[in-house]
Amino acid sequence: MSVIAADPETGGYTQHYFDSRGVVRTYAMTFDGEVWQLLRESPDFSPLSFRQRFVGRIGDDGDTIRGAWEKRTDASADWELDFPLSYRRSSAGAVDEPR
């Protein structure tokens, strides 16, 4: 589950993530209408044993986001692929208007 808060002064966002495993993290988040990025480079509710980022791009159809989580254990190292991730908007629950 995530809670997202906007920062009107910077135009950025903060995402507070937590899950059933007890993982709790805070990410700096940006979204420019095409690219969605989450970044964690500072300790928060848990120690920072590795840095994380997610970069996703909105598909031309407007219904998909394709991206990847990356990590690095050293601030001067290159980012490594952790895992790719795709989101797809579901049409479930859509109601067709009678013609």
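Please read all numbers here as calculations on a predicted model, not as lab measurements.

Asker: Got a sec to walk through the sheet that holds strand β6 (residues 64-72)? Specific residues and values, please.
Answerer: Working definition: the strands of a sheet are paired by backbone hydrogen bonds and lie parallel or antiparallel to each other. Read from one edge of the open sheet, seven strands run β1-β2-β3-β4-β5-β6-β7, paired in antiparallel fashion. Since the sheet does not close on itself, it has two edges, and those belong to β1 (2-7) and β7 (80-88), each with one partner. Across the sheet, the mean angle separating the axes of adjacent strands is 20° when strand polarity is ignored.

Asker: Describe the pairing of β6, naming the residues involved and giving the relevant values.
Answerer: Of all nine residues that make up β6, seven are buried, and the element is covered over most of its length. Judged from the eight bridges that link them, strand β5 (residues 51-58) and β6 form a sheet pairing that is antiparallel. Each residue of the ladder has a partner; that of R53, found in β6, is E70. Count of turn residues in the β5/β6 antiparallel hairpin: five residues, of which G62 carries a positive phi of about 75°. Direction of pairing for β6 relative to β7: antiparallel, over a ladder of eight bridges.

Asker: An account of the side chain of Q52 is requested, with residue identities and associated values reported.
Answerer: With respect to the element layout, Q52 can be found in strand β5. In terms of polar contacts, Q52 uses its side chain to reach the side chain of Y27, at 2.8 Å. For Q52, the residues in contact, after removing those within four places along its chain, are R25, Y27, L38, L39, R40, W69, E70 and W79.

Asker: Describe the pattern of salt bridges, listing the residues and the values that go with them.
Answerer: Within the structure shown, the criterion is met by five salt bridges. Among the ionic pairs, R40 bridges to D44, the shortest N-O distance being 2.9 Å. The salt bridge partner of R53 is E70, with a shortest N-O separation of 2.5 Å. Pair noted here: R53 is in strand β5 and E70 is in strand β6, with a separation of 17 residues, a long-range link.

Asker: Quick one: what's the story with the packing of aromatic side chains, residue by residue and with numbers?
Answerer: Within this structure, the stated rule accounts for four aromatic pairs. For the ring pair W36 and F54, a centre distance of 5.1 Å and an interplane angle of 70° mean the geometry is edge-to-face. Here W36, found in strand β4 (residues 35-40), pairs with F54, found in strand β5; they are 18 residues apart in sequence, far enough to count as distant. Residue F54 is classed as buried on the basis of its relative accessible area of 1%.

What counts, and at which threshold
- Residues numbered from 1 in each chain as written.
- Predicted model: local features only at pLDDT ≥ 70, side-chain atom pairs only at ≥ 80, totals over all residues.
- Heavy atoms only, no water.
- Pairing = 2+ DSSP bridges.
- Helix = DSSP H or I, 4+ residues; strand = E, 2+ residues; numbered from the N terminus.
- Axes fitted to C-alpha atoms, helices over the stretch in contact; angles between N-to-C directions.
- Buried < 20%, exposed > 50% of the residue type's maximum accessible area, 1.4 Å probe, protein only.
- Polar contact = N/O pair within 3.5 Å; in protein donor to acceptor, adjacent residues only side chain to side chain.
- Contact = heavy atoms within 4.5 Å.
- Salt bridge = Lys/Arg side-chain N within 4 Å of Asp/Glu carboxyl O.
- Phe/Tyr/Trp six-rings, centres within 6.5 Å; stacked < 30°, edge-to-face > 60°.

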